[in-house]
Amino acid sequence: MPLDPVFNKLLETDFDSMYTSLSMDQLREYYRKSWDDYKGDIIKIGTVSNHIVETSKRETPIRIYNPKNGKIHPVFIWIHGGGFVFGDIEVYDSICRKITNTVNCTVISINYGLAPEHKFPEPVEECYQVVKWVYENAKELNILPAKIAIGGDSAGGTIAAVIAQLSRDRNEFPIVYQVEVNTMFDLLGQTKPLSRVENAKGYRLTTEANNNFFIPNYLNNLCEAKNPLASPLLAENFNDLPDACIITCEYDPLRDEGEHYAKNLSDAGADVCLKRYDGMIHGFFNMQRTVKEARDALDLVCTKLNEAFWEDVHIPRKNE
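All of the points below concern the structure found in this document. (Residues numbered from 1 in each chain as written. Predicted model: local features only at pLDDT ≥ 70, side-chain atom pairs only at ≥ 80, totals over all residues. Heavy atoms only, no water.)

## A look at the side chain of Asp88
Next up, step 1: Structurally, the position occupied by Asp88 is in the loop between strand E3 (73-79) and helix H3 (93-103).
Next up, step 2: For Asp88, the side chain forms a polar contact with the side chain of Arg32, separated by 3.0 Å.
Next up, step 3: A polar contact is formed between the side chain of Asp88 and the backbone nitrogen of Glu90, at a distance of 3.0 Å.
Next up, step 4: In contact with Asp88, other than residues within four places in its own chain, are Arg32, His80 and Asn111. (Helix = DSSP H or I, 4+ residues; strand = E, 2+ residues; numbered from the N terminus. Polar contact = N/O pair within 3.5 Å; in protein donor to acceptor, adjacent residues only side chain to side chain. Contact = heavy atoms within 4.5 Å.)

## Here we look at the pairing of strand E1 (residues 47-54)
Next up, step 1: Pairing of E1 with strand E2 (residues 59-66), which is carried by eight bridges, proceeds in the antiparallel orientation. Following the sheet pairing, Ile52 is matched in E2 by Pro61.
Next up, step 2: Following E1, the chain reverses through four residues before pairing antiparallel with E2. (Pairing = 2+ DSSP bridges.)

## Description of unusual backbone geometry
Next up, step 1: For the bond running from Ala115 to Pro116, omega is 5 degrees, close enough to zero to count as cis.
Next up, step 2: Counting through the fold element by element, Pro116 comes out in the loop between strand E4 (106-110) and helix H4 (122-136).
Next up, step 3: The omega torsion across Phe120 and Pro121 is 0 degrees, close enough to zero to call that bond cis.
Next up, step 4: Inspection of the secondary structure puts Pro121 in the loop between E4 and H4.

## Let's talk about the sheet that holds E2
Next up, step 1: The mixed open sheet is built from eight strands, whose spatial order is E1-E2-E4-E3-E5-E6-E7-E8. The sheet is open, and its two borders are formed by E1 and strand E8 (272-281), each paired with just one other strand. Mean inter-strand twist for the sheet, computed between neighbouring axes without regard to direction, equals 20 degrees.
Next up, step 2: Sheet topology note: the E2/E4 ladder contains four bridges and is antiparallel. Within E4, the residue paired with Arg63 across the bridge is Ser109. (Axes fitted to C-alpha atoms, helices over the stretch in contact; angles between N-to-C directions.)

## Some thoughts on the nonpolar core
Next up, step 1: By size, the foremost hydrophobic cluster in this structure holds 96 residues, and its most contacted members are Phe76, Ile99 and Leu305.
Next up, step 2: Sort the elements by how many residues they give to this core and helix H10 (residues 292-310) lands first, with 10 residues.
Next up, step 3: Contacts of Ile99, omitting those with residues within four sequence positions, involve Phe76, Asn104, Cys105, Val107, Leu298, Cys302 and Leu305.
Next up, step 4: By size, the runner-up hydrophobic cluster in this structure holds 12 residues, among which are Ala161, Phe238, Leu241 and Ala262. (Core = buried A, V, L, I, M, F, W, Y, C linked by side-chain atoms within 4.5 Å. Buried < 20%, exposed > 50% of the residue type's maximum accessible area, 1.4 Å probe, protein only.)

In short, the description is geometric, and any link to function would need to be established separately.
Written out as structure tokens, the structure is:
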């Protein structure tokens, strides 16, 4: 379908030229402020608190969102987007609050170290260690250690998918569900996704920016893109991975690799909810205030988390 005209003004910006004309600090500030007119409202929840987790990489800030009642809850661990070089927990604060209230679960958002200061595989290991810390401190956090889900948007989805694979391989904690939104599963498009060509430019995230800015800043060298810890689509084994909700959109260079990843999971036996949002561009998920499809996608995520957390065991829910 045609590109939704809600994006017309946004797409007047020449994003590619910004990556060569602005400093990293300027780009990060622009990215942070650019969401102010799009992200959702800050709704009230039970409690919000900031903590530090001591990982082997650094002192990692996290934000913990708890529902209004004090009962024990499942937990959804969220990893923000931003191409590995931009973003923070503030950008997705409204989304985390909405999930907390709607699913009646604890949400923990990770403020992982950004590239190029923190290059691959440091953000992966850092986030993995935070998830492990959550599992090991479940009693103190008042969460159910057998009910941990993980997810992220864009680069955050990449890290979440890798952690789901590492959870299976290392067997240090369970992941019951994964959510990946507009995710980069194949960093340099080595599986030749057609959408990297069809949507190469003109839709906010460009193939040029990905190949010449985001990925070179994240990786120590481009050969690392072949590593499944960087590109989870290149993993040899998709068996025994958690069920998933994978969201793609029509005008995203990353569309086809997301759908390819969903097929690999499904072929290996996972229950996969794959939904493509036509007329949408990369990053639409966080445009909760202005884009109806963004709200629909968040509702879908909440529905699938509800199913993953609550359907197979009776734990007192809200209003019970």
